[in-house]
Amino acid sequence: MSETREKKKLFRHGNSYWNQTTDNAEKAVLRMPLETFRQKRQQLDSSGMNYYAYVRDDNVHLAFLEQEKEKMRFVLGEERLQTEKPVRAYTPPQKNIFGTIAFKYIAQKNYLYGSKQEQLKLAEKLQAAGIPFSGIAYNDKRTTVTVSRKSLEAARELQQQAKTEVAELEAQART
């Protein structure tokens, strides 16, 4: 694949639900060459961390929660991170709704609750698994994801994976 085609493919990578529901004032941005991002992408994707990357000016801009800078440093294996604030202001809508299907179209609704970071990681996993869902982020401590009864068991397994990944990353970053 040519580098130009790969840049277009990588133009947006990461958890788009996290990006849409997180205020830019809470984000930090790390710039890196495309080749560095290619090398670190697997580590990022398997880390349990929510992030969003995009290509601009031949660099990858990696956005993540500013309060998780130490976790990002740990995931990337870097001594120090030079970050900046996002260039554009963005405040998510007050009713922070996300998902692959409108809430009203989910049959036999079942609700999964958790922290915003865990539930947004769950949203990413549900989308990858092709499981329809709708979610609403009330605040950092309470976010709800809704799935149908037929998807509930698989969704609970993915939720447990998301919780485990987030918890493991937090534990590793503290040591």
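Here the structure is a predicted model, which is why all the values come from computation and not from measurement. (Residues numbered from 1 in each chain as written. Predicted model: local features only at pLDDT ≥ 70, side-chain atom pairs only at ≥ 80, totals over all residues. Heavy atoms only, no water.)

> What's the story with the sheet that holds strand β7 (residues 109-114) in this structure? I'm lost.
Adjacent strands of a sheet form backbone hydrogen bonds with each other and so pair up, either parallel or antiparallel. The antiparallel open sheet is built from four strands, whose spatial order is β6-β8-β9-β7. Among the strands making up the open sheet, the edge pair consists of β6 (96-99) and β7. Averaged over all neighbouring strand pairs, the angle between strand axes comes to 20°, with direction disregarded. In the packing of helix α5 (residues 116-129) onto the sheet, the strands contacted are β6, β7, β8 (134-137) and β9 (143-148), and the crossing angle to β9 comes to about 30°. (Pairing = 2+ DSSP bridges. Helix = DSSP H or I, 4+ residues; strand = E, 2+ residues; numbered from the N terminus. Axes fitted to C-alpha atoms, helices over the stretch in contact; angles between N-to-C directions. Contact = heavy atoms within 4.5 Å.)

> What exactly am I supposed to notice about the side chain of S148 here?
Mapping S148 onto the fold places it in strand β9. Among the residues examined, S148 registers a relative accessible area of 13% and is labelled buried. (Buried < 20%, exposed > 50% of the residue type's maximum accessible area, 1.4 Å probe, protein only.)

> Is there a simple way to explain unusual backbone geometry in this structure?
Glycine aside, residues mostly have negative phi angles, and peptide bonds mostly take the trans form. For Q108, which is not glycine, the phi torsion reads 45° and is therefore positive. You can see Q108 is positioned in the loop between β6 and β7.

> I would appreciate a short explanation of the packing of aromatic side chains in the present structure.
Each aromatic ring pair is characterised by the separation of its centres together with the angle its planes make. In total, this model carries five aromatic pairs according to the counting rule given. Ring geometry for Y17 versus F98: centroids 5.9 Å apart, planes at 50°, classification tilted. You can see Y17 sitting in helix α2 (residues 16-21) and its partner F98 sitting in strand β6, a full 81 residues away along the chain. Taking 6.5 Å as the distance between ring centres and 25° as the angle between the ring planes, the aromatic pair formed by Y111 and Y113 counts as stacked. In this structure an aromatic cluster arises from ring pairing among Y17, F98 and F133. One Lys or Arg, K27, reaches over the ring of W18 and ends 5.2 Å from the middle of that ring. (Phe/Tyr/Trp six-rings, centres within 6.5 Å; stacked < 30°, edge-to-face > 60°. Lys NZ or Arg CZ within 6 Å of the ring centre and 35° of its normal.)

> Looking at this structure, how should I read the sheet that holds strand β1 (residues 12-14)?
Taken in spatial order, the five strands make up an open sheet running β1-β3-β4-β2-β5, and their pairing is antiparallel. Of all the strands in the sheet, just β1 and β5 (83-84) have a single pairing partner and so form its edges. As judged from the seven bridges shared by strand β2 (residues 27-33) and strand β4 (residues 59-65), these two strands associate in the antiparallel manner. Bridged to K27 within β4 is L65. Across the sheet, helix α3 (residues 34-45) touches β1, β2, β3 (51-56) and β4, and the angle it forms with β2 is around 130°.

> Sorry, what's going on with the pairing of β3 here?
Regular strands place side chains that alternate from one sheet face to the opposite one. β3 sits mainly inside the fold: five of its six residues count as buried. Where β1 lies against β3, three bridges are found, and the strand directions are antiparallel. The residue of β3 that forms the bridge with R12 is Y54. The sheet contact formed by β3 and β4 spans six bridges and is antiparallel. Paired with Y54 across the two strands is H61, which belongs to β4. Once β3 ends, the chain turns through two residues before running back antiparallel as β4, passing D57 with a positive phi of about 55°.

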